[in-house]
Amino acid sequence: MSHKQLALLFLILACPAALTGCGGRHAPTLVNECSFSVEGLSDVTISYGCEDISFLPSDGDMLAVREYMTADQRRYYAKVDQGRGRVHISEGGHPLGRGGFQRYVEVLLPAAYGGDLTITSTSGRIDLSALSPILR
């Protein structure tokens, strides 16, 4: 095989893995968690694309967002915009093509939070069933 053929073979085999960000098929693990005090917080927005979002009750006065992913890269972490009694949390980046990349989100919502909650998802499942004891 010539050097050109070897280089072409390498590109054919290596590029799909590089573009999709997959280094193997495994279950998502917790890679990022951010927390916010609900004291003085009146507006929370959670916005993701195709990720499933599950809400869980929590004790205390801290809202927490946990991101589980199959790849731990900072550029994939949630984007947070916070100020003046509000916090907006949206999905971070993802590998080009997403092949094999998975992410899901857990939001721990304290019963002490009494403000507005906006949840958007393009195609992910939003599960609020665990909050039924604290929803009013």
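Residues numbered from 1 in each chain as written. Predicted model: local features only at pLDDT ≥ 70, side-chain atom pairs only at ≥ 80, totals over all residues. Heavy atoms only, no water.

For the rest of this paragraph, the subject is the overall build of the protein. Helix and strand content of the protein: one helix and nine strands. Looking at the protein residue by residue over its 136 residues, the buried ones come to 35%. Nonlocal contacts in the protein, meaning residues at least 24 apart in sequence, comprise 80% of its contacts between residues at least 6 apart. Accessible surface, the protein: about 8,100 Å² in total, of which carbon and sulfur atoms supply 55%. (Helix = DSSP H or I, 4+ residues; strand = E, 2+ residues; numbered from the N terminus. Buried < 20%, exposed > 50% of the residue type's maximum accessible area, 1.4 Å probe, protein only. Contact = heavy atoms within 4.5 Å. Areas by Shrake-Rupley, 256 points an atom, 1.4 Å probe, with all protein chains shown as cover.)

The sheet built from four strands is open, its strands ordered β5-β6-β2-β8 with mixed pairing. On the outer flanks of this sheet lie β5 (79–83) and β8 (116–121), each paired with one strand and no other. Adjacent strand axes in the sheet meet at a mean angle of 5°, parallel and antiparallel pairs treated alike. Note that strand β2 (residues 43–48) and β8 share six bridges and pair parallel. Considered in β8, the bridge of T45 is made with T118. (Pairing = 2+ DSSP bridges. Axes fitted to C-alpha atoms, helices over the stretch in contact; angles between N-to-C directions.)

On to the pairing of strand β3 (residues 52–58). By the bridge criterion, seven bridges tie β3 to strand β7 (residues 103–110) in an arrangement that is parallel. Of the residues in β7, the one forming a bridge with L56 is L108. Two strands pair when backbone bridges link them, and β3 and strand β9 (residues 126–127) are joined in this way by two bridges, in the parallel orientation. Residue pairing in the sheet places I53 in a bridge with I126 of β9.

We now examine the sheet that holds β7. Across the sheet, five strands lie side by side as β1-β4-β7-β3-β9; this open sheet has mixed pairing. Strands at the two margins of the open sheet, each flanked by one partner only, are β1 (29–37) and β9.

A word on the pattern of salt bridges. A complete count under the given rule lists six salt bridges for this structure. R103 is the salt-bridge partner of E91, the closest N and O atoms lying 3.2 Å from each other. Remark: R103 occurs in strand β7 and E91 occurs in the loop between β6 (86–90) and β7; sequence separation between them is 12 residues. There is no split in this pair, since E91 and R103 are both buried. (Salt bridge = Lys/Arg side-chain N within 4 Å of Asp/Glu carboxyl O.)

This part takes up unusual backbone geometry. With a phi angle near 50°, R84 is a residue other than glycine that sits in the positive phi range. The topology assignment puts R84 in the loop between β5 and β6.

So, on to the side chain of E91. Here the side chain of E91 touches G49 through a polar contact of 2.9 Å, landing on its backbone nitrogen. Of the polar contacts made by the side chain of E91, one reaches the side chain of R103; its length is 3.2 Å. (Polar contact = N/O pair within 3.5 Å; in protein donor to acceptor, adjacent residues only side chain to side chain.)

Next up on the list: the environment of H94. Locating H94 in the fold gives a position in the loop between β6 and β7. Of the residues examined, H94 reaches a relative accessible area of 37% and is grouped as partly exposed. Separated by 21 residues in the primary sequence, H94 and Q73 have C-alpha atoms spaced 9.0 Å apart. When residues no more than four places from it in sequence are discounted, the contact partners of H94 are Y76, F101 and R103.

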